[in-house]
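Structural overview
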Amino acid sequence: MSSYVYVKNPNGKTYVYENTTYWDKESKSCKHYRKSIGHLDPDTGEIVPNYKKGDKQMKTSSGVSADHCIVASTGIGKLLDKAVSDIKLDAPLKAVFPDDWERILTCAYYLVSEGGALAHVEKWQRAFSSPYGEKLTSQRISELITRITPSLQQDFFSMWAGFNRQDSYYAMDITSVSSYSEFIDFVRWGYNRDGEELPQINLLMLTGVESHMPIYYRIIPGSIKDVNTLQDSLANISFMDKVSFHYVMDKGFYSGPNIDAFYADHKKFTIGVPFTVSFARDAVEEFRDTIRSHHNFCTVFGDELYAVTKPMTWDGHRFYVHIYYDSFKAALDEKKFDHTLYCCMQEILSGQRIKEHASYYEKFFFIRETPVRGIKAEYNEEAITEHKRNRIGWFVLATNDIKDKVRALEVYRNKDSVEKCFDDLKNDLDMKRIRMHSAATMEGRIFIQFISLLITTRLKQVMNEAGWFKDYDLQEVLNEMKTVRTVSIQGSRKRYTTELTPFQKKIFGLYHLIA
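What counts and how
Residue numbers restart at each chain and count upward from 1, following the sequence in its written direction. Whole-chain, interface and lining totals are the exception, using all residues; otherwise, since this is a predicted model, local features are given only for residues with pLDDT of at least 70 and side-chain atom pairs are given and counted only at 80 or more. Side-chain descriptors were evaluated using all non-hydrogen atoms of the structure, hydrogens and water having been removed beforehand. Here a helix means four or more residues in a row that DSSP labels H or I, a strand means two or more in a row labelled E, and each is numbered from the N terminus. Burial here depends on accessible area, computed with a 1.4 Å probe over protein chains only, as a share of the maximum for the residue type. Under 20% is buried, over 50% is exposed, and the range in between is partly exposed. The salt bridge definition used is simple: a Lys or Arg side-chain nitrogen within 4 Å of an Asp or Glu carboxyl oxygen. Contact between two residues is taken to exist if any of their heavy atoms lie within 4.5 Å; hydrogens are not considered. Every axis corresponds to a line fitted to the C-alpha atoms, with the helix fit spanning only the stretch in contact, and the corresponding angles, defined between N-to-C directions, vary from 0 to 180 degrees. Our angle categories are set so that under 35 degrees counts as roughly parallel, over 145 as roughly antiparallel, 65 to 115 as roughly perpendicular, and the remainder as oblique. What makes a crossing left-handed is the near helix being turned counterclockwise from the far one by less than a right angle; a clockwise turn instead makes it right-handed. Residue type decides the class: Asp, Glu, Lys and Arg count as charged, Ala, Val, Leu, Ile, Met, Phe, Trp, Tyr, Cys and Pro as nonpolar, and the leftover types, Gly among them, as polar. Residue-level confidence of the predictor is what pLDDT reports, using numbers from 0 through 100. To be clear, the arc concerns the directions from the helix axis to the C-beta atoms. Whenever a nitrogen or oxygen atom comes within 3.5 Å of another N or O atom, the pair is scored as a polar contact, on the condition that within protein one atom can donate a hydrogen and the other can accept it, and that pairs from neighbouring residues in sequence are kept only if both atoms are in side chains. For the purposes of this section, nonpolar cores are sets of buried Ala, Val, Leu, Ile, Met, Phe, Trp, Tyr and Cys residues that join through side-chain atoms within 4.5 Å. Side-chain rings of Phe, Tyr and Trp (the six-membered ring for Trp) are treated as a pair once their centres are within 6.5 Å; stacked means planes under 30 degrees apart, edge-to-face means over 60, and tilted covers the remaining angles. The criterion is that NZ of a Lys, or CZ of an Arg, lies within 6 Å of the ring centre and within 35 degrees of the ring normal, and then a charge sits over that ring. Whether two strands pair comes down to DSSP finding at least two bridges between them.

Quick look at the overall build of the chain now. If you tally the helices and strands in the chain, you get 17 helices and 19 strands. For the chain, the residues scored as buried account for 47% of the 515 residues in total.

In structure tokens:
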């Protein structure tokens, strides 16, 4: 393997050597052969080749040296190209966006590498190699994102789902993305999951439970609650009928009509059940005194708990209710609950109530206020006791497919894959705020964010499988790859990669990159 080595002379001049690694049979070890090929131009950073005395430098018709060397930062491009190839992302992009797929990937590469506004893509392209050979100005990017229509996005999702059949279970969840824009219909006031006092859009996403790979998202008006989105979302994901899979959702999606919709569409599901539902409360009441039997003891991902299963029917359909009790978690949650009640009492008496505790004030306290005596508060002991008996430490799942109580909870807990994707979007890929001012540009921009998320997910998959997260994070890997450069000589097919650091060699080995 050949590479370039830079050696700075005491006189300040940097010489460049072609370094060739070879195997010495006699010493049975790797050795290096270095040949001086020129020096580094201090102004341009380009390599000036060596010439023998009397030689004349050949010129092309354009007046450029035939031995002109081009140095390019290719490490990031190599890494992201490999991720795209691994998950076959280029195939659906080429099919759906034959004229724009390279532009879309270039914008996605920038987001993975740097994050930030897409207006800086052109500047980034000057430093790093990218799929699209020409420069992407702000104007060209604005035109690009308006061409990424909802119809084309749906075509992409349909093809992308076909490439991701390895999962049987898919987690569905919703997050909020805040915006300052007043001109996008989707941006409305609603429950903000990040606790921000801003209008928002809601983003529903479907992610493979085993692979953690996102396959679909849908933009929803910010004022709509989780429970009201499910039936429309099932209709929008009709293309997924080609792939047999199982929905996994938290209790925010639970409602009687939603369960009816699953059965009507012949969909498999596992869903958390809130204690506002009568059969969940009845199940806890039924097994409260008997669940802590050794026959019901089990472990799920290292957590020790008790679990029972109660077969039921839902409008004539089979229905399994899994009831769980975690005594260790119950002790921690009870302590946390008591602390919260204490804080609420102080807030009531001081007249400094906070919005997040409004439901606690209403349910767990008797509050009286008179002009003479001021504010008086007492604990609602009956409500507090009922909450501790029937909710703390208890959890209920409902499913029409998984009979085994341990497997059901394993599948449910693995749904955090979609939550990790939301975290990556907001914290690593510049989606904490929507900065677009029209629905068309917003939808196109979010699609590019989604493509960058797919690439990031693949990079993290490889790192996770190798146990790298104990020592490194993804940003460290990306930063290290930014310093990998390739040198090419005009008029020659040879390309040389600059000498790799030990960490870069590890990255090349991990992702099976070719120097």
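Here we take up the pattern of salt bridges. Summed over all chains, the structure comprises 14 salt bridges. Note that Glu378 is salt-bridged to Arg368, the shortest N-O span being 3.7 Å. Note that Glu378 is positioned in strand E15 (residues 374-379) and Arg368 in strand E14 (residues 365-370), a separation of ten residues in sequence. On the basis of relative accessibility, which here comes to 40%, the residue Glu378 falls in the partly exposed class. The salt bridge partner of Glu410 is Arg407, with a shortest N-O separation of 3.8 Å. With Glu410 and Arg407 both in helix H13 (residues 405-413) and three residues apart, this pair spans about one turn of that helix. The partly exposed category is assigned to Glu410, whose relative accessible area is 21%.

Its place among the elements puts Arg389 in helix H12 (residues 381-390). A residue is classified by how much of its surface remains accessible, and Arg389, at 43% relative accessible area, is partly exposed. Filtering out sequence-adjacent residues up to four positions away, Arg389 remains in contact with Val284, Glu285, Arg288 and Trp394.

What follows deals with the packing of helix H3 (residues 101-113) against helix H5 (residues 138-147). Between H3 and H5, the least distance of the axes is 11 Å, while the angle of their chain directions is 110°. What the angle tells us is that H3 and H5 run roughly perpendicular. Once H3 is placed against H5, the crossing between them reads as left-handed. Only Ile141, Leu144 and Arg147 of H5 make contact with H3, whose side of the interface consists of Arg103, Ile104 and Cys107. A breakdown of the residues in the contact of H3 with H5 according to their chemical character gives four nonpolar, no polar and two charged.

Residue-level pLDDT values for the chain average 80, and 78% of them are 70 or greater. The least confident element of the chain, judged by mean pLDDT, is strand E17 (residues 433-434) at 52; the most confident is helix H2 (residues 90-96) at 94. Counting contacts from residues 52-66, a segment whose pLDDT is below 50, to residues more than four positions away or on other chains yields 14 contacts. Segment residues 180-190 is flagged for pLDDT under 50; beyond a separation of four residues in sequence, or across chains, it makes 38 contacts in the model.

Let us now look at helix H16 (residues 474-481). Here H16 has its buried residues at Leu474, Val477, Leu478 and Met481. Down the axis of H16, the buried side of the element spans an arc of 95°, and every buried residue falls inside it. The N-terminus of H16 is capped by Asp473, whose side-chain oxygen sits 3.1 Å from the backbone nitrogen of Gln475.

Turning to the nonpolar core, a few remarks are in order. With 114 residues, the main nonpolar core has Leu89, Leu93, Phe156, Ile451, Ile455, Leu459 and Tyr511 as its most contacted residues. Apart from residues no more than four positions distant in its own chain, Phe156 is found in contact with Leu89, Pro92, Leu93, Val96, Phe97, Phe447, Phe450, Ile451 and Leu454.

With that settled, consider the packing of aromatic side chains. Applying the stated criterion across every chain yields a total of 29 aromatic pairs. With centroids separated by 5.7 Å and ring planes inclined at 85°, the aromatic side chains of Phe279 and Phe319 adopt a geometry described as edge-to-face. A residue pair is termed long-range when its members are at least 10 positions apart, and Phe279 in helix H9 (residues 278-287) and Phe319 in strand E13 (residues 317-325) qualify at 40 residues. On the basis of relative accessible area, Phe279 is assigned to the buried category, the value being 13%. With 5.3 Å between their ring centres and 45° between their planes, Phe395 and Tyr412 make a pair best called tilted. Pair noted here: Phe395 is in strand E16 (residues 394-399) and Tyr412 is in helix H13, with a separation of 17 residues, a long-range link. Among the residues examined, Tyr412 registers a relative accessible area of 11% and is labelled buried. One aromatic cluster is present, formed by Phe97, Phe156, Phe157, Trp160, Tyr216, Tyr217, Phe447 and Phe450 through successive ring pairs. Its end group placed over the ring of Trp101, Lys94 keeps NZ or CZ at 4.7 Å from the ring centre. The cationic tip of Lys506 hangs over the ring face of Trp468; the distance from NZ or CZ to the ring centre is 5.4 Å.

The next thing to look at is the pairing of E14. Bridge analysis of E14 against E15 gives six bridges, and the strand direction is antiparallel. Bridge pairing in E15 places Ile367 opposite Ala377. Once E14 ends, the chain turns through three residues before running back antiparallel as E15.

Let us now look at the packing of helix H1 (residues 75-86) against H3. Interhelical geometry of H1 versus H3 gives an angle of 115° and a closest axis separation of 11 Å. Considered as vectors, H1 and H3 are oriented roughly perpendicular to each other. The crossing of H1 and H3 is right-handed. The residues of H3 that touch H1, namely those facing Ile76, Gly77, Leu80, Asp81 and Val84, are Leu105, Tyr109, Val112 and Ser113. Partitioning the contact of H1 with H3 into residue classes produces six nonpolar, two polar and one charged.

Our focus in this paragraph is unusual backbone geometry. Phi angles above zero are rare outside glycine, and His266 is one such case at about 60°. The topology assignment puts His266 in the loop between helix H8 (256-264) and strand E10 (268-272). Not every positive phi belongs to a glycine, and His512 is a case in point at roughly 55°. Tracing the backbone through its elements, the reader meets His512 in the segment after helix H17 (502-510).

What follows deals with the environment of Met172. Summarising the element assignment, Met172 is placed in strand E6 (residues 169-179). A sequence separation of 44 residues divides Met172 from Tyr216, and the C-alpha atoms of the two residues are 9.6 Å apart.

Moving on, we get to the pairing of E13. Most of E13 is tucked away, with seven of its nine residues classed as buried. As paired elements, strand E12 (residues 303-314) and E13 share nine bridges and run antiparallel to each other. Bridge pairing in E13 links Trp314 to His317. The antiparallel pairing of E12 with E13 creates a hairpin that spans two residues between the two strands, and Asp315 there sits at a positive phi of about 50°. Relative to E16, E13 runs antiparallel, the two being bridged by six bridges. Of the residues in E16, the one forming a bridge with His322 is Leu397.

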